[in-house]
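Letter by letter, the chains look like this.
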Amino acid sequence: MKIDCPHGYKMVAKLGNVTWEDHTVSIYGGVCDTADRCKITHCKFYDLSPAGQAKFVAALKEDETLEGLIARETTH
């Protein structure tokens, strides 16, 4: 699931005079994929514990299967 970060995290990329900002984060297994970069510990998607990382990796693996791709494409 992709959402706009509720706490304002943004990725900034620059190429010459052009700057891109993206506030979108991915949530897998209830854990944010940018939690290690933003360090906002009071966020409900923040979990850097080994158990949280295991949930994240398992949900990411599930999402990357053919069944996960079909489910993702049919819900949009």
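Scroll up to find the structure.
For the rest of this paragraph, the subject is a nonpolar patch on the surface. On the surface, a nonpolar cluster with roughly 320 Å² of combined accessible area is contributed by Leu15, Val18 and Trp20. Structurally, Leu15 is set in strand E2 (residues 11–15).

Here the focus is the pairing of E2. Note that E2 and strand E3 (residues 18–22) share 5 bridges and pair antiparallel. Bridge pairing links Lys14 to Thr19 in E3. Here E2 hands over to E3 after 2 residues, with Gly16 in that stretch at a positive phi of 65°.

As a further point, take the state of the cysteines. The term disulfide refers to a covalent linkage connecting the sulfur atoms of a pair of cysteines. The full count for this structure, using the stated rule, is 0 disulfides. As a non-bridged cysteine, Cys5 has Cys38 as the owner of its nearest cysteine sulfur, 5.9 Å distant. According to the relative accessible area criterion, Cys5 is buried, its value standing at 15%. Cys32 takes part in no disulfide bond, and the closest cysteine sulfur to it belongs to Cys38, at a distance of 5.8 Å.

Moving on, we get to empty space enclosed by the protein. If you roll a probe as big as a water molecule over the atoms, it shows you where there is empty space left. Evaluated as defined, the whole model comprises 1 cavity of 30 Å³ or more. Volume-wise, the largest cavity comes out at about 90 Å³. Secondary structure elements with two or more residues in the lining of the largest cavity: strand E4 (24–28) and helix H1 (35–38). Considering only residue class, the lining of the largest cavity consists of 12 nonpolar, 2 polar and no charged.

What counts, and at which threshold
Residues numbered from 1 in each chain as written. Predicted model: local features only at pLDDT ≥ 70, side-chain atom pairs only at ≥ 80, totals over all residues. Heavy atoms only, no water. Patch = residues over 30% accessible without salt bridge, like charges linked within 9 Å, V, L, I, M, F, W, Y side chains within 5 Å. Areas by Shrake-Rupley, 256 points an atom, 1.4 Å probe, with all protein chains shown as cover. Salt bridge = Lys/Arg side-chain N within 4 Å of Asp/Glu carboxyl O. Helix = DSSP H or I, 4+ residues; strand = E, 2+ residues; numbered from the N terminus. Pairing = 2+ DSSP bridges. Disulfide = S-S within 2.5 Å. Buried < 20%, exposed > 50% of the residue type's maximum accessible area, 1.4 Å probe, protein only. 1 Å grid on protein atoms, 1.4 Å probe; cavity = no way out; pocket = protein on both sides within 12 Å on 5 of 7 lines; lining within 4 Å. Points joined across faces, edges and corners; volume = space filled by probe spheres on them. Nonpolar A, V, L, I, M, F, W, Y, C, P; charged D, E, K, R; others polar.

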